[in-house]
Amino acid sequence: MRAKFLTLLLLLNFAAGSYAQQTANKPDRVKWFQDLGFGMFIHWNVDVSLGTVISHSLAGASDDYVNRYMKELPTFFNPKKFDPDEWATMARLAGMKYVVFTTKHHAGFCMFDTKTTPFNVMNTPFKRDVTKEIIEAFRKQGIAVGLYFSPEDFLFFHQNGIPLGRLQDKRQFPMNNPKLMEYDKAQIKELLTHYGKIDIMFFDGPGDGLREYAWSLQPELVITRDAMNTPEQNIPDKASPRPWEACYTMGTDWQYKPTNDPHKSGTEIINMLIEIRAKGGNFLLNVGPKPNGEIQIEQEALLREIALWNFANGESIYAVKPLPVIREKDIWFTQSNDEKAIYAFVTKKRDDEWKYGQRREFLFPMVEGTSSTKVEVLGYGSELVEYVNNFDASIRSAATPLGLAVSAVNGQRFYTNRTWPNAVVLKISNAKFKAPEEKNTSKSGIDGAQ
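All values reported here derive from a predicted model rather than from experimental measurement.

S.K.: Whenever I open this one, the nonpolar core confuses me. Can you help?
M.R.: One finds Met40, Trp44, Phe138, Phe283, Leu285 and Trp309 to be the most contacted residues of the largest nonpolar core, which totals 74 residues. Among the elements that make up this core, the one with the highest residue count is helix 9 (residues 266-278) (7 residues). Viewed by domain, this core spans two of them, domain 1 (27-316) and domain 2 (320-433), each represented by three or more residues. In this structure, Phe362, Phe364, Met366 and Val424 belong to the second largest nonpolar core, which totals 27 residues.

Structural data, given as structure tokens:
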């Protein structure tokens, strides 16, 4: 009898556990996400034809503007040069390990085949499920799939007499609006049951009740925004508790902006990637495809510059963690998760700061070397400089009481003019990183010491 009772108790406990609501990302999935490091954000919506800010032009707009937006803009969406395989190939070349695509932005237009509303991509001249095609293309490249979803829906607000805007009326929050909650859940169910395993979800808005529902459909899902810190267009001043993700545009806008949109330089973006990884974050870098489906040439050029840097230095930004000291002047640091390698990113303020073929000396006070310490320049064999005879390009390193001393030559010739403005990365193996000791000092208070 006692055995039967214990068996029944175990079954009841198991049943209770199996129905327990998931309330957080699984730790092993968070670790997986952190190791990805670098991802592609894609903002693309029905209003791309106008080149306007995505969705937000509806906030506070006149009824005429809103009605024409909802009725007319879908008739213009026909991206005849849309090639998601090209997007995905470009992302993989640039070293991006995951993608986040805007399946539904705040306007409420669904970029997927949905039964919840006619305001979707299937009711345009294009008549194709772009979300499905993007997911399949990026999966083929081995890139993890993430979906952006807005719980706030301006079409729903318009149809239900709710002001069009964000976080200004309690009815804009699904938890306060059962009808909106039901509507959002129906769309999330489509996204999480029609396209296979989804790796990442980005809830851009109040997700109470929705994140738990999403986890009930796919427990392995990593929810970024709404479940972790995702600063937009800024990087924290210092290393932040992990996990976190910085989201940035290449120009000034998320969606395609055809006019007056100065873009960041490749060096700026690469230095942002270095800083974010040194501080323990992920970098989600945005592209805004054109109305015809092409990635604009300025953004493609930047992705190719990033690709070149990553081709040589990629190991320094994946599966790494921040160190107690993340920066010393213009040099940033990361460490491999297994602590077998320390990476020192030597950034430059000027193109000629560390010229091609030039030797430079470094002292790393926080690095404790040994006789077996090895230093390499990632992407460079440190054996020769092209066209220069009898040149010693070898790396020299020595453990000293003041720290690890390194002498290295910059021999990477990536451009014809031998000018490479981007960071050179030193890989230091078989060494320990030690934070500088803080000494308590005091100042004399006698006369004359002030």
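Now that the structure is up, let's keep going.
S.K.: How should I be thinking about the packing of helix 7 (residues 178-193) against helix 8 (residues 210-217) in this particular structure?
M.R.: For any two helices packed against each other, the geometry comes down to the angle between their axes and how far apart the axes lie. For the pair helix 7 and helix 8, the least separation of the axes is 10 Å and the interaxial angle reads 30 degrees. Considered as vectors, helix 7 and helix 8 are oriented roughly parallel to each other. Handedness of the helix 7/helix 8 crossing: right-handed. Residues Met181, Asp184, Lys185, Ile188, Lys189 and Leu192 of helix 7 touch helix 8, and the partners they reach there are Leu210, Tyr213, Ala214 and Leu217.

S.K.: Please explain the pattern of salt bridges as it appears in this structure.
M.R.: Side chains bearing opposite charge may pair, as long as their charged atoms lie close to each other. Applying the stated criterion across every chain, the model contains 28 salt bridges. Across the pair arginine 68 and aspartate 64 runs a salt bridge, and its minimum N-O distance is 3.9 Å. Taken together, the positions of arginine 68 and aspartate 64, both in helix 3 (residues 63-72) and 4 residues apart, correspond to about one turn of that helix. Using a relative accessible area of 45% as the deciding quantity, one classes arginine 68 as partly exposed. Between aspartate 208 and arginine 211 there is a salt bridge, and its shortest N-O distance comes to 2.4 Å. The partly exposed category is assigned to aspartate 208, whose relative accessible area is 41%. Salt bridges sharing common partners tie together Glu152, Arg166, Asp204, Arg225 and Glu232.

So, how was this worked out
- Residues numbered from 1 in each chain as written.
- Predicted model: local features only at pLDDT ≥ 70, side-chain atom pairs only at ≥ 80, totals over all residues.
- Heavy atoms only, no water.
- Core = buried A, V, L, I, M, F, W, Y, C linked by side-chain atoms within 4.5 Å.
- Buried < 20%, exposed > 50% of the residue type's maximum accessible area, 1.4 Å probe, protein only.
- Helix = DSSP H or I, 4+ residues; strand = E, 2+ residues; numbered from the N terminus.
- Domains from an automatic or database assignment.
- Axes fitted to C-alpha atoms, helices over the stretch in contact; angles between N-to-C directions.
- Parallel < 35°, antiparallel > 145°, perpendicular 65-115°, else oblique.
- Left-handed = near helix turned anticlockwise from the far one by under 90°.
- Contact = heavy atoms within 4.5 Å.
- Salt bridge = Lys/Arg side-chain N within 4 Å of Asp/Glu carboxyl O.

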